[in-house]
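# An overview of the molecular structure
Read off the chains here:
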There are 2 protein chains.
Amino acid sequence: MKRTYIANLTEGECLIKGYVEAIRDKKIMFLVIRDVTGSVQVTIEKSVCPDVYEKAKALTLHSFVAVTGKCVYSEYVRNGGKEIYPTDVDIMSIAEVLPLNAESGQDLRMDYRWIDLRDEKKVFLFKIQTAFEKYAVEFFNKNGFIEIHTPKITALSSEGGSEVFELKNYFGQPAYLTQSPQLYKQMSMMAGFDKTFEIGEYFRANPSFTSRHDTEFTGIDVEISFIESHHEVMDVEEALLKYVIAGVKNDYNEEYKKYFGNDIITMDYDIPRISLTEAYDILKREKNYEVPRALKGDLDPEGERLICEYVKEKFNSDFVFIIDFPAKARAFYSMKQEENPELTKTYDLLFRGIEITSGAQREHRYENLRQNIIENGINPDNMSEYLDFFRYGAPTHGGFGLGITRTLVKLFDLPSVKDVTFLFRGPARLKP
Amino acid sequence: MKRTYIANLTEGECLIKGYVEAIRDKKIMFLVIRDVTGSVQVTIEKSVCPDVYEKAKALTLHSFVAVTGKCVYSEYVRNGGKEIYPTDVDIMSIAEVLPLNAESGQDLRMDYRWIDLRDEKKVFLFKIQTAFEKYAVEFFNKNGFIEIHTPKITALSSEGGSEVFELKNYFGQPAYLTQSPQLYKQMSMMAGFDKTFEIGEYFRANPSFTSRHDTEFTGIDVEISFIESHHEVMDVEEALLKYVIAGVKNDYNEEYKKYFGNDIITMDYDIPRISLTEAYDILKREKNYEVPRALKGDLDPEGERLICEYVKEKFNSDFVFIIDFPAKARAFYSMKQEENPELTKTYDLLFRGIEITSGAQREHRYENLRQNIIENGINPDNMSEYLDFFRYGAPTHGGFGLGITRTLVKLFDLPSVKDVTFLFRGPARLKP
């Protein structure tokens, strides 16, 4: 017999497969079996089917089974009002006593992440992530982007050395893990690829223990050629987010409501674009807040939180672009503004209080780039392999990187990236 | 004015952006400008537009430009019979003398990969790869798979130590790069995810210098729960390949024909499934070939080539599943056959002479798995963290890994994975 997913059960003969979520064994044995689509009650009366009852007595919580039987509707049953009277229970594996219970703390849950994830709400987060990425891929394909897979191992260590992981045994050569595809997605522009994207893993040897940092994370990276300013980059990112969130909402809003009590956000507005200078003014005027002097050139976490609060009140927007950061606060590859070279054609995208993206138009002119490198106190000879990309012709270009986990954390309003990562990696977390 | 992609040019005012593919400057200057969609001739008469002519004189091969002008149809012009009479040429960057020419060897081409890729046929390979992955993502979403991103850094080094890259500085802990998502995609089955996929990068410290080996590559990995045998895994892989190749063919067959002279393959047949024992018989009977004794338990490259030749002649199939490998030749996590424990529920998929996939039903029963580990000469204590995945309930499950680059190499009939990799990584190749 062909397996039926529990959500699709109708009255009649059936075969379901899943794990035992609950057992109640009085005179009659009740099992709750769950699969990825839902759960259903299996009712076993000893007098009716003594053989099945004997087999089922071996079951423990989270044992995996296949149950053959008859599905009937019953008004006395929760879980959608269906129950199954089994004719056979086939045991795939018996679970030992579970190491997790409702009181287990996050660290123990992470040790046994595969058991922790046996929870419909947690699985739902990954269904949403799957849809999020599907719609992103769809958006890029509809708009003529080429997908690239940039190397994760590199001999170039040009993005600032301190937070880079190094390999021990790359055939006698110094080798590092890439912190971002930055250099290589820029290279794809020099290759004439016009518009590229990548969904991939990146690595940061960041010793921070915050709710938004991890040593390995998944990002969506985008680079586009032949732009005039960073505003075109923002246009692409805004269109991407609108497409993806509308798609996810269309597929999953009902289920989202069930778990989170409210609707997935709607993005029927243009995301406000506020210069950093303007943001400082607004924070002072509207929120009586001044970003600490040492952090001038950027927003601190409290400033990010408050400016998001402001755009929510004022424009009912969950997002805000902060634009035109000073050159001294941005990476050397950012393009300076023609009218005011103190400022760059850069932006951050904030979502519900945190930064989920950095974007910019990049400097594509060899001499200007070299000058920027020197101004940043870096010896351009150490960057010669990167600089070479720009010697044989280069289009104007820009792009952005979007952290998927950070975005999902805020979409679900969850406390930590750990909640939306399949297996979190941090300075003290390398297992399982 | 809004930019027009060259393939979309019609008569009238236009703005195009791209790089200079050719320059001919006699009395009249002719430029060929290429963007990601095609190329077009720009005709500059000094007497008609002296200012534009003066600017254009600075141009070198592969300089990047924006050209404003008027597009007209002309029967004297190649490249689709269009030419542009410019009113302005805006120079983004002037290219230095190119380090590559038609005679440059592969190694130099790889040093300057971004210039090497300025070639419509090479860009086309990445358009196909983009579509290949898009259709894969579509297939998985339509069939209820959940996408996962398994960690690439791990403290578990359980898949055989010799070909693993190790990190130098993971906060004082031993840490490795994963060779495959094997352990973690199995873990996703224990989490009750039912069916999962991942498109990601994997790392092998493999010192081989062959046309099909690299130290970093992109793979599609799949795992499904509640299966009865490896045949269900093959069913999924076959359906995936049919869906993806039909999609790619639908979108790109015409362009493919232009570059490769023939059609993209059609998969309107069931892929033959031949046991390894049967394959040995066929090779002997039909091809007078015997696999060297030392390699018994597998096919050698010559055997793979010949069995593919046979199925092509006999069934007109470009693919063949070789199934039921002996236990001693397969990984410990493969499930043994009930009727004959010498054999496993495993398979390889060969495509035009090379293996592109390994697949199997896995052993999900803790005691059997432990026994397999011991029989493979491994101390099960060293595998305890992996074994733990199976202690708290486990469904039957199986899956496969499909190398994207290997598949594309054979789809295009190209000599090496280097040709279809954006930036190849091998023992002697870490740059750019």
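Residues numbered from 1 in each chain as written. Chains lettered and ligands numbered in written order. Predicted model: local features only at pLDDT ≥ 70, side-chain atom pairs only at ≥ 80, totals over all residues. Heavy atoms only, no water.

Take the overall build of chain A next. The number of helices and strands found in chain A is eleven helices and 15 strands. For chain A, the C-alpha atoms occupy an extent of roughly 85 × 60 × 40 Å along the three principal directions. Counting over 432 residues, chain A shows a buried share of 60%. Once local pairs closer than 6 in sequence are excluded, the contacts in chain A between residues at least 24 apart make up 66%. (Helix = DSSP H or I, 4+ residues; strand = E, 2+ residues; numbered from the N terminus. Buried < 20%, exposed > 50% of the residue type's maximum accessible area, 1.4 Å probe, protein only. Contact = heavy atoms within 4.5 Å.)

Take the sheet that holds strand 2 (residues 28-35) of chain B next. What links the strands of a sheet is backbone hydrogen bonding, and the strands pair in either a parallel or an antiparallel sense. Residue and element names in this part refer to chain B. The five strands lie next to each other as 1-2-3-5-4, forming a closed barrel whose pairing is mixed. Averaged over all adjacent pairs, the angle separating strand axes in this sheet is 50°, with direction ignored. Both strand 4 (residues 64-73) and strand 5 (residues 82-93) contribute to a ladder of ten bridges, which runs antiparallel. Along strand 5, the bridge assignment pairs Y73 with K82. (Pairing = 2+ DSSP bridges. Axes fitted to C-alpha atoms, helices over the stretch in contact; angles between N-to-C directions.)

Let us look at helix 8 (residues 301-315) of chain A. Residue and element names in this part refer to chain A. In this model, helix 8 (15 residues) spans 21 Å end to end at C-alpha, consistent with the 21 Å of a helix rising 1.5 Å per residue. Those residues of helix 8 that fall on the buried side of the exposure criterion are G303, E304, L306, I307, C308, Y310 and V311. Check the buried side of helix 8 and you find it contacts strand 11 (273-275), helix 7 (276-287), strand 12 (319-323), strand 13 (346-351) and strand 14 (354-362). The first or second residue beyond helix 8 is N316, which carries a positive phi of 55°. (Expected span 1.5 Å × (residues − 1).)

A word on the pairing of strand 12 (residues 319-323) of chain B. All names here are of chain B. Counting buried residues in strand 12 gives five out of five residues, a clear majority hidden from the surface. Side-chain alternation along strand 12 places F319, F321 and I323 on one buried face and V320 and I322 on a second face that is also buried. In terms of strand pairing, strand 11 (residues 273-275) meets strand 12 through three bridges, oriented parallel. Among the inter-strand pairings, R273 is bridged to a residue of strand 12, identified as F321. With five bridges joining them, strand 12 and strand 13 (residues 346-351) adopt antiparallel strand pairing.

As a further point, take the relation of the copies chain B and chain A. One copy of the chain maps onto the other through a rotation about an axis plus a displacement along that axis. With an RMSD of 0.0 Å, the fit of chain B onto chain A corresponds to turning through 180° and sliding 0.0 Å along the axis. One copy is carried onto the other by what is essentially a two-fold rotation axis. A high fraction, 100%, of the interface residues of chain B reappear at the interface in chain A, so the copies pair face to face through one surface. (Least-squares fit on C-alpha atoms with pLDDT ≥ 70 in both.)

Residues and elements named next belong to chain A. The final tally for this structure, using the stated rule, is 80 salt bridges over all chains. For E302, the salt bridge identified is with R305, shortest N-O distance 3.0 Å. Of the two residues, E302 and R305 are both situated in helix 8; the distance of three residues between them amounts to about one turn of the helix. Given the relative accessible area of 30%, E302 is considered partly exposed. In this structure R305 comes out as partly exposed when scored by relative accessible area, which is 40%. Linked by salt bridges that have partners in common, D235, E238, K242, D270 and R273 make up one network. (Salt bridge = Lys/Arg side-chain N within 4 Å of Asp/Glu carboxyl O.)

Let us look at the confidence of the model for chain A. Residue-level pLDDT values for chain A average 94, and 97% of them are 70 or greater. Interface predicted TM-score (ipTM) for the complex: 0.96; the corresponding pTM is 0.96. (pLDDT = per-residue confidence, 0-100.)

With that settled, the discussion passes to the interface of chain B and chain A. Opposite the 98 residues of chain B that make contact, chain A presents 98 residues. Three residues stand out in chain B for area buried against chain A, namely W114(B), Y392(B) and L430(B), and they jointly supply 10% of the buried area on that side. Along the contact surface separating chain B from chain A lie twelve salt bridges. Two residues, E96(B) and R391(A), come together in a salt bridge whose shortest N-O distance is 2.9 Å. Taken together, the connections running from chain B to chain A amount to 57 residue pairs in polar contact (both at pLDDT 80 or more). Residues belonging to the side of chain B that touches chain A are distributed by class as follows: 53 nonpolar, 20 polar and 25 charged. (Buried area = accessible area lost by both parts, 1.4 Å probe. Polar contact = N/O pair within 3.5 Å; in protein donor to acceptor, adjacent residues only side chain to side chain. Nonpolar A, V, L, I, M, F, W, Y, C, P; charged D, E, K, R; others polar.)

Examined bridge by bridge, strand 3 (residues 38-45) of chain B and strand 5 of chain B share two bridges and lie parallel to one another. Bridge pairing links Q41(B) to E83(B) in strand 5 of chain B.

Of note, K195(B) is situated in strand 9 (residues 195-203). If we skip the residues at most four places from it in the chain, K195(B) touches Y5(A), N143(B), G144(B), F145(B), I146(B), M189(B), E223(B) and I224(B).

Here we come to the environment of L343(B). All names here are of chain B. As for its position among the elements, L343 is in the loop between strand 12 and strand 13. For L343, a relative accessible area of 21% gives the class partly exposed. In sequence terms L343 and D214 are 129 residues apart; their C-alpha atoms lie 30 Å from each other. Not counting chain neighbours up to four residues away, the residues in contact with L343 comprise D324, F325, P326, A327, K336 and Q337.

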